[in-house]
Amino acid sequence: SDALTWLGRAPSAQFDLVFADPPYDYPDFARLPDAVLPLLTPDGVFVLEHGKPGQFEGHECLVDQRRYGRANIAFFRPKVDNGADVERAEGPEDT
């Protein structure tokens, strides 16, 4: 079953953390953040491992990106209803 299909039928539950590590050739990478973000609590985080550097530059909910070898990790947080960022601590610490 495709992840986007499941997300479209996801329960009304909200999640604090969602981690996704789809195959690097997954054709719908660009759609994943917008499909997952509505399922997050206001302080929730979506962590997406992907292979293409800078793939999510400019996404309004991207709060941090890291590169570890060939792996790229993008961190997303939802916007509050009025479009302003939820006030929260800085992104993940450097490792």
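Residues numbered from 1 in each chain as written. Predicted model: local features only at pLDDT ≥ 70, side-chain atom pairs only at ≥ 80, totals over all residues. Heavy atoms only, no water.

(A) View of the overall build of the chain. Scanning the chain from N- to C-terminus turns up 2 helices and 4 strands. Counted from the first residue to the last, the chain has its helices and strands arranged as α-β-α-β-β-β. Classification of the 95 residues of the chain by burial places 39% in the buried group. Accessible area of the chain: about 6,100 Å², with a carbon and sulfur share of 51%. (Helix = DSSP H or I, 4+ residues; strand = E, 2+ residues; numbered from the N terminus. Buried < 20%, exposed > 50% of the residue type's maximum accessible area, 1.4 Å probe, protein only. Areas by Shrake-Rupley, 256 points an atom, 1.4 Å probe, with all protein chains shown as cover.)

(B) Fine view of the side chain of Glu49. Looking at the secondary structure, you find Glu49 in strand β2 (residues 40-50). Among buried Asp, Glu, Lys and Arg side chains, Glu49 stands out as unpaired, with Arg70 the closest opposite charge at 8.5 Å. Of the polar contacts made by the side chain of Glu49, one reaches the side chain of Tyr24; its length is 2.8 Å. In this structure, Glu49 is in contact with Phe19, Ala20, Asp21, Pro22, Tyr24, Phe29, Ala71, Asn72 and Ile73, ignoring residues within four places of it in sequence. (Lys, Arg positive; Asp, Glu negative; His and termini not counted. Salt bridge = Lys/Arg side-chain N within 4 Å of Asp/Glu carboxyl O. Polar contact = N/O pair within 3.5 Å; in protein donor to acceptor, adjacent residues only side chain to side chain. Contact = heavy atoms within 4.5 Å.)

(C) Examining the packing of aromatic side chains more closely. Applying the stated rule across the entire model yields 3 aromatic pairs. For the ring pair Phe56 and Phe76, a centre distance of 5.4 Å and an interplane angle of 85° mean the geometry is edge-to-face. Pair noted here: Phe56 is in the loop between β2 and β3 (62-68) and Phe76 is in strand β4 (residues 71-76), with a separation of 20 residues, a long-range link. On the basis of relative accessibility, which here comes to 5%, the residue Phe56 falls in the buried class. Here the aromatic cluster, defined as three or more aromatic residues joined through ring pairs, consists of Phe46, Phe56 and Phe76. (Phe/Tyr/Trp six-rings, centres within 6.5 Å; stacked < 30°, edge-to-face > 60°.)

Interpretation in functional terms is not warranted from these geometric data alone.
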